[in-house]
Amino acid sequence: MTDKIRVRFAPSPTGFLHIGGARTALYNYLFTRRHNGKFIFRIEDTDQTRSTDEYIEAIIDGMKWLGLSWDEGPFRQTQRQDVYLSHVQKLLEQGKAYYCYCSADVLEKKRELAMTQKRPPGYDGTCRELKNPPTDAVNPVVRFKMPTVGETTVSDLIRGNVTFNNNTLDDFIILRSDGMPTYNFVVVIDDIDMGITHVIRGDDHLNNTPKQIQIYQALGCPVPLFAHLPMILGADKKRLSKRHGAVSVSAYRDMGYLPEALLNYLVRLGWSHGDQEVFTMQEMIDAFALDKVGSSSTVFNPEKLLWINAEHIKKHSPEELIPLVMPFLIEQCIVGSEYSPDIDWLSKAIATLIERSRTLVELAHSLRYYISDDIKIDETAGKKFLNNDTLPLLNSVITSLKELKDFSAASIEKLFIDLMAKHDVKLGKLAQPIRVALTGNTVSPGIYEVLELLGKEISINRIQKAINSISNSE
RNA sequence: GGUCCCAUCGUCUAGCGGCCAGGACACGGCCCUCUCAAGGCUGAAACACGGGUUCGAUCCCCGUUGGGAUCACCA
């Protein structure tokens, strides 16, 4: 386990980077960083009809946002045609592959028939020993000649040895009739070419692995070590999909999640390190080990992700949170894009909200009454706390506040204590109407802090406005 | 259907022959308290089933059941 380790993350660009892909990328990343290896990023785009530049960009963006940096790539398979073709040629010459003239239509029929008769639907080998190829046939495909006897064992770091009987493996297509090689072939060539030592990927590839091992062997190349990760499922134990809610990494970015929080949640899905739940990236790198990865599938739990995100928000200083929350303040129209905040003041405001924000979206939302003067009073809150009963209290507070020289939380607290005694009320009676007048709602950080941060002028204005609205409505 | 994988609280998991089966999220209660959070304490909650092996099985073996994956000129 030294500097020879080379791993890769090789998503197919058929959509955006999703949660499952992100975890696969993360495990590859952690494994290679842990062992000082190289992390190669490769795009599996042999299916031209489904791969778009937009998707490729989205995946790259996702990786960058997560901070999963790679050492080589991103490579694209469509740019490596010559390499694949020469290997196909080699197998053909050695009799380890053959041309197949069966049409896609015929094959489709046979497959359906096999399925209805409950037989295995693999290729039946019609062209395997063909002596006289049809002269009029156009564009044959090339199939790999799979051994019909013996068995193939996948040595998997997570599952141990998994053995397949070779007679269950069929002669799969390695080169399409349009001249494009297929995934199961290309992935092997690339992994050989790029010197991949450990293939860490989703469980869904386990059944492909014996076929790929046969290619390695036909080519006379050493087989890498495999590690097949358990699937991530939705709450209904079905493969995670849009039906279960947000599944793309970008969606979580937009919902105000921190990349390190997403990664932290993901790393615990299938892996654990004692009782530790919260990890920094460095801690993950130091603790991660493939042999501690579990083998049973896992269920994605958004609630726990939310909790982890809150934990990571708490790890940041208010100053660090400013640039992170800024896009959300703009998004929510709380500030314009030209807004240049008073860092000192904004940090103090954020400090009061860190414990109360599980996402950056929530943080931005709560920041509204500090930053914007456009406060709407919640209807039920207004009715309950801004009325004729509370009017004398509001008047009393505003009068005292106007005379207060030192508008600090400490002085304000003293003032409130005096007022409580004067009116013979508990703090709640005093604080809630003020809170509603100041923030528009019944929920906020401590009332003294809010007053101090808002400052004398704005506080008095808002309370006055509330008083006026009561007077006007009566 | 064939092949392959998997099986501890609702969920993520610890456990690697002898534990009151531990932790975390979520949930309930209490405390703190100007609201809401945060925090502290606390409660409820699991070894799928059946056979073996063993002095003893959550743990090892086999089977059953259940779930998942895969069987394309997709990746």
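Attention here is on the structure that accompanies the text. (Residues numbered from 1 in each chain as written. Chains lettered and ligands numbered in written order. Predicted model: local features only at pLDDT ≥ 70, side-chain atom pairs only at ≥ 80, totals over all residues. Heavy atoms only, no water.)

Some remarks on the protein's contact with RNA strand B
Argument step 1. Taken together, 60 residues are adjacent to RNA strand B, and Arg 176, Lys 238, Glu 355, Arg 435 and Ser 444 come closest.
Argument step 2. Within 4 Å of the protein, atoms of RNA strand B come from sugar and phosphate in 72% of cases.
Argument step 3. The separation between a phosphate oxygen of RNA strand B and a polar side-chain atom of Lys 292 is 3.4 Å.
Argument step 4. One of the backbone nitrogen or oxygen atoms of Ile 447 is found 3.1 Å away from a base nitrogen of RNA strand B.
Argument step 5. Partitioned by chemical class, the residues of the surface near RNA strand B number 18 nonpolar, 20 polar and 22 charged. (Near = heavy atom within 4 Å. Polar contact = N/O pair within 3.5 Å; in protein donor to acceptor, adjacent residues only side chain to side chain. Nonpolar A, V, L, I, M, F, W, Y, C, P; charged D, E, K, R; others polar.)

Things to note about the pattern of salt bridges
Argument step 1. Going through the model one piece at a time under the given rule, you end up with 26 salt bridges.
Argument step 2. A salt bridge links Arg 268 to Glu 277; the nearest nitrogen and oxygen atoms lie 3.4 Å apart.
Argument step 3. What makes Glu 277 partly exposed here is its relative accessible area of 25%.
Argument step 4. Put simply, Asp 373 and Arg 462 hold a salt bridge, and the shortest N to O gap is 2.9 Å. Within this pair, whereas Asp 373 is found in the loop between helix H13 (360–371) and helix H14 (379–385), its partner Arg 462 is found in helix H19 (residues 456–473), the two being separated by 89 residues in sequence.
Argument step 5. For Asp 373, a relative accessible area of 52% corresponds to the exposed category.
Argument step 6. One continuous salt-bridge network, built from bridges that share partners, spans Arg 8, Arg 42, Glu 44, Arg 80, Asp 190, Asp 191 and Asp 193. (Salt bridge = Lys/Arg side-chain N within 4 Å of Asp/Glu carboxyl O. Buried < 20%, exposed > 50% of the residue type's maximum accessible area, 1.4 Å probe, protein only. Helix = DSSP H or I, 4+ residues; strand = E, 2+ residues; numbered from the N terminus.)

Focus: the layout of surface pockets
Argument step 1. The computed volume of the largest pocket comes to approximately 1,200 Å³.
Argument step 2. Ser 12, Thr 14, His 18, Asp 204 and Arg 239 are, among the 41 residues lining the largest pocket, the residues nearest its centre.
Argument step 3. Going through the elements one at a time, strand S1 (6–9), helix H1 (19–34) and strand S9 (198–202) are the ones with two or more residues in the lining of the largest pocket.
Argument step 4. Looking at the lining of the largest pocket residue by residue, the class counts come to 16 nonpolar, 15 polar and 10 charged.
Argument step 5. Residues lining the lining of the largest pocket come from more than one domain, with at least three contributed by each of domain 1 (1–69 + 230–315) and domain 2 (81–229).
Argument step 6. A volume near 780 Å³ is recorded for the second largest pocket.
Argument step 7. Along its surface, the second largest pocket is lined by 27 residues, and Leu 107, Arg 111, Tyr 123, Arg 143 and Ile 173 are the ones closest to its centre.
Argument step 8. Mapped onto the lining of the second largest pocket, the elements with two or more residues apiece are helix H4 (104–116) and strand S5 (141–144).
Argument step 9. Partitioned by chemical class, the residues of the lining of the second largest pocket number 16 nonpolar, four polar and seven charged. (1 Å grid on protein atoms, 1.4 Å probe; cavity = no way out; pocket = protein on both sides within 12 Å on 5 of 7 lines; lining within 4 Å. Points joined across faces, edges and corners; volume = space filled by probe spheres on them. Domains from an automatic or database assignment.)

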